[in-house]
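# Architecture and fold: a report
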Amino acid sequence: MTQVPEKSMAERGGEPLTSENPRAASSWDPYAVEAWGDGFFVVGPRGTVMVRPDRKPSREIDLLAVVSELKGRGYATPVLLHFRDVLETTLRDIRGAFDRAISDHGYQGGYAGVYPIKVNQQRTVVEDVSRIGADLGFGLEVGSKPELLAVLAITADQPDRLIVCNGFKEDRYVEFAMLAAKLGRTIIPVVENLEELGLVLDHAERIGVRPAIGIRVNLDTQGVGRWAGSSGMRAKFGLTFSETLRAVEMLGERGALDRLHMLHCHMGSQMHDIRQLTRGVGELARIYSELVHLGVGITYLDVGGGLGIDYDGSQTNFPFSRNYSLEEYAGSIVHRIGSICDEAGVRHPTIVTESGRAMVAQQSVLVFDVMGANSFEPHVLPASTEDLAGPEGAEPPRPLVDLFDAWTRLEPETLLECWHDAENARSEAVDTFSLGYMSLHHRAEVERIFWTLALKTRELASGLEQIPEELEALDELLTDIYFCNLSVFQSLPDCWAIDQVFPIMPIHRLDERPTRRATLADLTCDSDGKVDRFIDREDVRAWLPLHELREGEPYLLAAFLVGAYQETLGDLHNLFGDTHVAHIRIGEDGRWWIEEIVAGDSVSDVLGYMQYEPATLSRSLRSECEASVREGLMTADESRDLLAAYESGLSGYTYLERD
Ligand code: PLP
């Protein structure tokens, strides 16, 4: 790993990319902050990223200042920042969009949002959503028994709070839901199959409650994108059309037809195409109106989650973008349901959405530091073929001479031809070396010439009017690798698992043009522990523009919009644990503060998860040290120092601690 030397620091240049300088920002915005930032994230006048929790310049938080405050309290990067005030704005935006759509379309029913806690189950996040959502008439959705038990406690003494229970339900899950109904809670178990319906009816009779029940229907309309399989003919969830009719019969037979309160569907997460969404909603509304005609008193129509996040800011049909606005989303749902109900002459139900991603993604930012870089730098090459001779005066082998010849002929007119010759010569050099006909000295010379030639080829190609496709690939070949203090598996699992792209950028030095192109490598010993797909408003880019590292100066990057699904899906690969989490608030006067810091896992914590007992580990090492002292391999002082270092390592952070 080579630290990039001070002498080749980024040239300062270009107008600063700042919120106060929008012209500069729009003409030169390598990170497209304005596009995906949604007004929450902007670049400030000092070239740092500012968070504006209500999109107003009067209340903003400098991310670099937050990191510095945390460091002062002993919490180094990587750190996950939660901005509760951003969360509040997104929840209010969703409520506002539906209120406006309801009023614009003359819709007669109401709206309720429920937060599916699986999207981010951290206690503080769920409590925040619950607290903010109380004013907005929002409820909570659970998809398992543990989630239900958590939510029952969080919403204690709030009987009106809507709780929707999805997921596979065995006996105990259903029993808890029925007991909650007995407590007077507004809880709706949504049955996914006919057995579950039987269970709900049995437990309700036994406990003596008349619960509200929901059924999840499996729409014919298939979702789009990565989670398209959540609905459609082969989906694993929900009742088919004939099962839905059978469920209605079952309810009638058990005298519980009036208990069917909710019709539910979920077409998949991150719906990026509004057309598919409205089609599915239309299908759901049609089923609803038919059931109402059959005498079923459904009050809630739950369209599930799926409201997308525009991760790359392109506003397109790209899987990690969305081709609609929040206003269009709310308007389409309200209009579609209203018009189908009107045609069928049935009342307008209360619309429920289970948007999880769109509620919590924007409130979290993961900040991490770069530890060093591997970069390609041009070498000073020999002046002539004679200088290629090895130290022992050996004749340079043919592939080395050919490669050097390609280097001396390199100019804009011969670019592609020389590049082909260089690739051939390099490949022959590899074989020649393997067969024992080339010295290590000459092999090293091949390496130096080849990469210097590649850099020069890319430089000359960038000046061509039409860059040949083969030479375009050089960008990827020549990217630097920036080594980052994070675990992709722990903090950005979707980057690895589903090739998700997140906006990633430096949080400072944004008044300097980035001059390097890099991919990111994490701390794990796993070749998948990398980020090499970055947002690009037209496609996905294989590199990120970054600044040169400066000796002794931290370089901080952040991944944005990471509040949905990443925290709980993360795993302990190589025993890198949870990062620190800091909750940041801002007051009306624009002053911000750190509300709470949840310390990340210590080494002892993660070892404990794997059934290692830290006390036993220390004991083993202590006895080995004593034996070494007895045998004279170390002194008592050295043994004490070693044990102290071991103990402090156990209580330390799992990530690199640089100070
Ligand atoms: N509701 C159900 C039933 C789900 O399975 C999911 C997630 O897959 C959601 C809601 C949340 O979806 P999203 O986060 O895309 O809004």
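Below you will find a few notes about this structure.

Each value, and the rule that gives it
Residues numbered from 1 in each chain as written. Predicted model: local features only at pLDDT ≥ 70, side-chain atom pairs only at ≥ 80, totals over all residues. Heavy atoms only, no water. Helix = DSSP H or I, 4+ residues; strand = E, 2+ residues; numbered from the N terminus. Buried < 20%, exposed > 50% of the residue type's maximum accessible area, 1.4 Å probe, protein only. Contact = heavy atoms within 4.5 Å. Areas by Shrake-Rupley, 256 points an atom, 1.4 Å probe, with all protein chains shown as cover. Salt bridge = Lys/Arg side-chain N within 4 Å of Asp/Glu carboxyl O. Expected span 1.5 Å × (residues − 1). Phe/Tyr/Trp six-rings, centres within 6.5 Å; stacked < 30°, edge-to-face > 60°. Lys NZ or Arg CZ within 6 Å of the ring centre and 35° of its normal. Pairing = 2+ DSSP bridges. Right-handed = clockwise from strand over helix to strand, strands pointing away.

## A few points about the overall build of the protein chain
Helix and strand content of the protein chain: 23 helices and 23 strands. Burial analysis of the protein chain (659 residues in total) assigns 55% to the buried set. Taking the intrachain contacts of the protein chain between residues at least 6 apart in sequence as the baseline, contacts between residues at least 24 apart amount to 76%. Accessible surface for the protein chain amounts to roughly 28600 Å². Of this, 50% is attributable to carbon and sulfur atoms.

## Things to note about the pattern of salt bridges
Scanning the model with the defined rule gives 47 salt bridges in all. Between Arg95 and Asp99 there is a salt bridge whose closest N-O contact spans 2.9 Å. Note that Arg95 and Asp99 are positioned in helix α4 (residues 84-104) at a spacing of four residues, about one turn of the helix. Assessed through its relative accessible area of 35%, Asp99 is described here as partly exposed. Two residues, Arg259 and Asp258, come together in a salt bridge whose shortest N-O distance is 3.7 Å. A residue is classified by how much of its surface remains accessible, and Asp258, at 39% relative accessible area, is partly exposed. Overlapping salt bridges, with partners in common, bring together Arg84, Glu88, Arg92, Asp128, Arg131 and Asp135 in one network.

## Structural notes on helix α11 (residues 326-344)
Under the 1.5 Å per step criterion, the end-to-end length of α11 is 27 Å for 19 residues, consistent within 8% with the ideal 27 Å. Within the span of α11, buried status applies to Leu326, Tyr329, Ala330, Gly331, Ser332, Ile333, Val334, Ile337, Gly338, Ile340 and Cys341. Against α4, α10 (274-293), β11 (300-302) and β12 (350-353) lie the buried residues of α11. Phi turns positive one or two residues past the end of α11, at Gly345, with a value near 70 degrees.

## Quick notes on the packing of aromatic side chains
Tallied over the entire structure, the rule returns 16 aromatic pairs. Aromatic pair Tyr324 and Tyr329: ring centres 6.1 Å apart, planes at 20 degrees, arrangement stacked. As far as burial versus exposure is concerned, Tyr324 and Tyr329 are alike and both buried. Put simply, the rings of Phe98, Tyr111, Phe138, Tyr324 and Tyr329 pair up and form one aromatic cluster. Between the NZ or CZ atom of Arg55 and the centre of the ring of Phe40, over which it lies, the distance is 4.3 Å.

## Description of the pairing of β12
If a strand is regular, its side chains alternate between the two faces of the sheet. Pairing geometry for strand β5 (residues 111-116) and β12, over three bridges, is parallel. The residue bridging Tyr111 from the neighbouring strand is Ile351, located in β12. On the question of chirality, the crossover connecting β11 to the parallel β12 by way of α11 is right-handed.

## Considering the pairing of strand β8 (residues 186-191)
In terms of burial, β8 is a largely internal element, five of the six residues being buried. Here four bridges tie strand β7 (residues 162-165) to β8, and the two strands are oriented parallel to one another. Its bridge partner lying in β8, Leu162 is registered against Thr186. Taken together, β7, helix α7 (residues 171-182) and β8 constitute a β-α-β crossover, and its handedness is right-handed.

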